[in-house]
Amino acid sequence: MKNLSKIIFIQLTLITALSASGGIGGGGIANIPQGQDREKYHLGKAVYNQDITLEKQTNVKLVEQEERLEYLQGSLPNTEKRRVNLPDFAGKLTEEQLQALEYFIQIRFNVKFPDKKKE
């Protein structure tokens, strides 16, 4: 009986230590926004993962899209840079899709973009 209580004590101590050190538990997953931001997040995710068909758009500023997409590409972790080539999307995104993609990358990869100042 004495040995059993020692074993239980040791197990509880280990469980407490692992829980406190982060050894047990989840983490590392982005907090998915709620409301309208949730829709924007999922649209950006669909664009990023190429779950939607992208077609050549008319009335887009191609050079501006290329620059924004190159900046986004550079903001990605190295593993993601090898997986996806965002500049390939230039001229194929609506402004809404591009903003959603930027938003998704900010949330998913914890990237901070400089504030856009109106001139």
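Structure's up top.
Here the structure is a predicted model, which is why all the values come from computation and not from measurement. Numbering of residues starts from 1 in each chain and follows the order in which that chain's sequence is written. Residue-level local features of this predicted model are given only where pLDDT is at least 70; pairs of side-chain atoms are given and counted only at 80 or more, and the full residue set underlies all totals for whole chains, interfaces and linings. Working from all heavy atoms in the structure, the side-chain values ignore hydrogens and water.

## Regarding the nonpolar core
What is meant by a nonpolar core is a set of buried Ala, Val, Leu, Ile, Met, Phe, Trp, Tyr and Cys residues, joined one to another through side-chain atoms within 4.5 Å. Relative accessibility thresholds used throughout: buried, under 20% of the residue-type maximum; exposed, over 50%; partly exposed, between the two (1.4 Å probe, protein chains only). Residues Tyr48, Leu69, Leu86, Phe89, Leu101 and Ile105 are the most contacted members of the largest nonpolar core, which totals 19 residues. Of all elements in the fold, only helix 2 (36–48), helix 3 (62–75) and helix 5 (95–109) reach the threshold of two or more residues within this core. Those residues in contact with Tyr48 that lie beyond four places of it in its chain are Leu76, Glu80, Arg83, Val84, Leu86, Phe89, Leu101, Phe104, Ile105 and Phe109. The way it works is that DSSP assigns letters per residue, a run of H or I at least four long becomes a helix, a run of E at least two long becomes a strand, and they are numbered from the N terminus. Here, residues are in contact when the closest pair of their heavy atoms is within 4.5 Å.

## Structural notes on the environment of Asn31
Position of Asn31 among the secondary structure elements: in the loop between helix 1 (2–21) and helix 2. On the basis of relative accessibility, which here comes to 68%, the residue Asn31 falls in the exposed class. C-alpha separation for the pair Asn31 and Ile107, spaced 76 residues apart in sequence, amounts to 7.5 Å.

## Examining the pattern of salt bridges
Between Lys or Arg on one side and Asp or Glu on the other, a salt bridge is scored when a side-chain nitrogen of the former is within 4 Å of a carboxyl oxygen of the latter. By the definition in use, this model includes four salt bridges. The closest approach of N and O atoms between Arg68 and Glu95, which form a salt bridge, is 3.1 Å. A residue pair is termed long-range when its members are at least 10 positions apart, and Arg68 in helix 3 and Glu95 in helix 5 qualify at 27 residues. Judged by relative accessible area, which is 38%, Glu95 ranks as partly exposed. The shortest N-O distance in the salt bridge between Arg68 and Glu102 comes to 3.0 Å. Note that Arg68 is positioned in helix 3 and Glu102 in helix 5, a separation of 34 residues in sequence. Taking the relative accessible area as the measure of exposure, Arg68 reaches 13% and is therefore buried. Here the residues in one salt-bridge network are Glu64, Arg68, Glu95 and Glu102, joined through shared partners.

## Side note on helix 3
By this rule the span expected of a helix is its residue count minus one, scaled by 1.5 Å. Over its 14 residues, helix 3 extends 20 Å from the first C-alpha to the last, a length consistent with the 20 Å expected when each residue adds 1.5 Å. For helix 3, every residue scored as buried is listed here: Gln65, Arg68, Leu69, Leu72 and Gln73. Around the axis of helix 3, the buried residues are gathered within 140° of arc, so they sit on the same side. Projecting away from the buried face of helix 3 at angles above 90 degrees are the exposed residues Val63 and Glu67. In this structure, the buried side of helix 3 is in contact with helix 4 (78–83) and helix 5. The directions from the helix axis to the C-beta atoms form the arc being described.

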